[in-house]
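What the coordinates show
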Amino acid sequence: MLNKEVTKLLNEQINKEFFSAYLYMDMANYYADNSLNGFENWFFVQMQEERDHALLFRQYLLNNGEVVKLEAIAGPDKVYTNFRDPLPLALAHEQFVTASINNIYEVAYQNKDFRTMQFLDWFIKEQGEEEKNADDNIKKFDLFAGDPKGLYMLDNEMKARMYTPASLVL
Ligand code: FEO
């Protein structure tokens, strides 16, 4: 059994991770609509990773005998007016998720819930990578996507991203 507040926050995190998956699928759809299939691929892989994050939180709750409560997932409501628009939104979203995970960690720490802290260690590190990836995308776009040829080449680079399942096994 876990602390009630920690359990509540972990359940809410499932929703946030599934929302992240929705958000990134929305971005993938936007790029697909505009024939930028490399960007589409990059965000589709990101969507798969977010789904996996949600499932890890689910599994952790189940492994600890807690009830998983699934809430409605909000629909993404952003309108993109140019190909750069999703990129800073993705970074801001990752920063939001980082703050959310840090908050769970803090509550776990306050409750001497060392097991949850250890579980969250993987996510703390993962968020560092996620923020860097999102920031790199903005920097690369600003450096290389100033003309159609540069955008084409960057799109080709984004095609190379491959999905690999999360390294955390519960
Ligand atoms: Fe699951 Fe991108 O945070």
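Keep in mind that what you see is a predicted model, and the values were worked out from it rather than measured. (Residues numbered from 1 in each chain as written. Predicted model: local features only at pLDDT ≥ 70, side-chain atom pairs only at ≥ 80, totals over all residues. Heavy atoms only, no water.)

Now for the pattern of salt bridges. Tallied over the full model, the rule gives 9 salt bridges. The salt bridge involving Arg51 is made with Asp52; its shortest N-O contact spans 3.1 Å. One salt bridge connects Asp77 with Lys78, and the closest N-O pair in it is separated by 4.0 Å. Judged by its relative accessible area of 62%, Asp77 is exposed. (Salt bridge = Lys/Arg side-chain N within 4 Å of Asp/Glu carboxyl O. Buried < 20%, exposed > 50% of the residue type's maximum accessible area, 1.4 Å probe, protein only.)

Okay, helix α1 (residues 4–33) next. Between the first and last C-alpha of α1 there are 44 Å, a value that for 30 residues agrees with the 44 Å anticipated at 1.5 Å per step. Residue Ser35 follows α1 closely and has a positive phi angle near 60°. (Helix = DSSP H or I, 4+ residues; strand = E, 2+ residues; numbered from the N terminus. Expected span 1.5 Å × (residues − 1).)

With that settled, consider unusual backbone geometry. For Ser35, which is not glycine, the phi dihedral falls at a positive 60°. Within the secondary structure, Ser35 sits in the loop between α1 and α2 (37–63). Of note, Lys112 is a non-glycine position whose phi angle comes to about 50°, a positive value. Within the secondary structure layout, Lys112 lies in the loop between α3 (86–110) and α4 (114–144).

The next point concerns the side chain of Glu50. Position of Glu50 relative to the elements: it lies in helix α2. Here Glu50 occupies a buried position and makes no salt bridge, while the nearest side chain of opposite charge, Arg161, is found at 7.6 Å. Those residues within four positions of Glu50 in sequence are excluded, and the remaining contacts are Glu17, Ser20, Ala21, Tyr24, Glu94 and Glu130. (Lys, Arg positive; Asp, Glu negative; His and termini not counted. Contact = heavy atoms within 4.5 Å.)

In total, this model carries 13 aromatic pairs according to the counting rule given. When the centroid spacing of 4.4 Å and the interplanar angle of 35° are considered together, the rings of Phe57 and Phe123 count as tilted. Of this pair, Phe57 sits in helix α2 while Phe123 is found in helix α4, placing the two residues 66 residues apart along the sequence. Like Phe57, the residue Phe123 is buried in the burial classification. In this structure, Arg161 packs its charged tip against the face of Trp42, placed 4.1 Å from the ring centre. (Phe/Tyr/Trp six-rings, centres within 6.5 Å; stacked < 30°, edge-to-face > 60°. Lys NZ or Arg CZ within 6 Å of the ring centre and 35° of its normal.)

Attention shifts here to the side chain of Thr116. With respect to the helices and strands, the residue Thr116 is situated in helix α4. Its relative accessible area of 0% is what places Thr116 among the buried residues. For Thr116, the side chain forms a polar contact with the side chain of Asp113, separated by 2.7 Å. Excluding residues that lie within four positions of it along the chain, Thr116 makes contacts with Leu2, Val6, Leu10, Tyr60 and Ala108. (Polar contact = N/O pair within 3.5 Å; in protein donor to acceptor, adjacent residues only side chain to side chain.)

Attention now moves to the nonpolar core. Counting 23 residues, the largest nonpolar core has Met27, Tyr31, Phe39, Phe43 and Phe141 as its most contacted members. Those elements that provide at least two residues to this core are α1, α2, α3, α4 and α5 (148–158). Those residues in contact with Met27 that sit more than four places away from it in its chain are Phe43, Tyr80, Pro86, Leu89 and Ala90. Listed in part, the 21 residues of the second largest apolar core include Leu2, Ile101, Ala108 and Met117. (Core = buried A, V, L, I, M, F, W, Y, C linked by side-chain atoms within 4.5 Å.)

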